[in-house]
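Structural overview for review
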Amino acid sequence: MKSLKQLCTPRESVFDTQRRDTVLDLTDLVGERIEPADFFAENYVTEGMKTLLEQGFRRLSGHSSQGIFKLKQAMGGGKTHNLLTLALLARHPEYRQQVMGSFYQPDPDLGPVRVVAFSGRDTDTPFGIWGAIAEQLGKREYFKDLYAPLQAPGQKAWETLLAGETVLILLDELPPYFVSARATAIGNSDLAQVTATALSNLLIAIGKESCNRVC
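Residues numbered from 1 in each chain as written. Predicted model: local features only at pLDDT ≥ 70, side-chain atom pairs only at ≥ 80, totals over all residues. Heavy atoms only, no water.

1. Concerning the side chain of Asp28
To keep things clear, this is the line we draw: Under the scheme used here, helices are H or I runs from DSSP no shorter than 4 residues and strands are E runs no shorter than 2 residues, and both carry numbers assigned from the N terminus. We call two residues in contact whenever any of their non-hydrogen atoms come within 4.5 Å of each other.
Secondary-structure assignment places Asp28 in helix 3 (residues 26-30). Those residues in contact with Asp28 that lie beyond four places of it in its chain are Val23, Arg33 and Ile34.

2. Regarding the pattern of salt bridges
The condition is simple: In what follows, salt bridge is the name for a side-chain nitrogen of Lys or Arg lying within 4 Å of a carboxyl oxygen of Asp or Glu. Buried means the residue's accessible area, taken with a 1.4 Å probe over protein chains only, is under 20% of the maximum for its type, while exposed means over 50%, and partly exposed covers the values in between.
Going through the model one piece at a time under the given rule, you end up with seven salt bridges. Note that Lys156 and Glu159 form a salt bridge whose closest N and O atoms lie 4.0 Å from each other. Taken as a pair, Lys156 and Glu159 lie in helix 9 (residues 155-162) at a separation of three residues, close to a single helical turn. Of the residues examined, Lys156 reaches a relative accessible area of 58% and is grouped as exposed.

3. A short note on the pairing of strand 1 (residues 114-119)
Quick reminder of the rule: Strands are labelled as partners when DSSP assigns at least two bridges between them.
Burial analysis of strand 1 places five of its six residues in the buried class, the great majority of the element. By the bridge criterion, six bridges tie strand 1 to strand 2 (residues 167-172) in an arrangement that is parallel. Among the inter-strand pairings, Ala117 is bridged to a residue of strand 2, identified as Leu170.

4. Considerations on helix 8 (residues 128-136)
Most of helix 8 is tucked away, with seven of its nine residues classed as buried. For helix 8, every residue scored as buried is listed here: Gly128, Ile129, Trp130, Gly131, Ala132, Ile133 and Ala134. One or two residues past the end of helix 8 sits Gly138, with phi positive at roughly 75 degrees.

5. So, the environment of Gly78
Within the fold, Gly78 resides in the loop between helix 5 (47-60) and helix 6 (79-91). A residue is classified by how much of its surface remains accessible, and Gly78, at 34% relative accessible area, is partly exposed. Separated by 75 residues in the primary sequence, Gly78 and Pro153 place their C-alpha atoms 31 Å from one another.

Purely geometric stuff here, so don't read any function into it on its own.
Below is the structure:
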């Protein structure tokens, strides 16, 4: 029987200490610091990732009523990595066949998709998660009446923001954000409660027909 050393040839990047210590997150995606070619050259498509990619692209193509996906921790983690994979394929159609061709064919008419990403490590976001989403969409003014003082967008406000859009919204690392938000008082409540209401209303809005290409 051959040994593991005989059967496997590690990539050169495994021995690169600078790359080995790099952990990508959604802020790297927003800052466009991820090179898709390099990312996919070292990306392994797991069964769970296949499911997310297929269902995500079905939604973005308008062929699925499921617009909300909650990723659960698996052995070794990988939630953020899966989000980045979906986001990069949404933004860069030229890599879809290479990565997904063996298990799913996305709609060829679906071009580059707008991607909005928020990491809960950004605890100092001045206008809340809803402000960050609106700003990345280039629609910051849509929520202008909700910034001072911070107020949660209602369902209709989210629908107005997202109606007719083909957009992928990624939310990651939210627990640290909620812990920090509890310290920010808003009236008789706090930012954590207001944020929970805002996100709840967002999830309801995504289920409406006008938002049928929002994932």
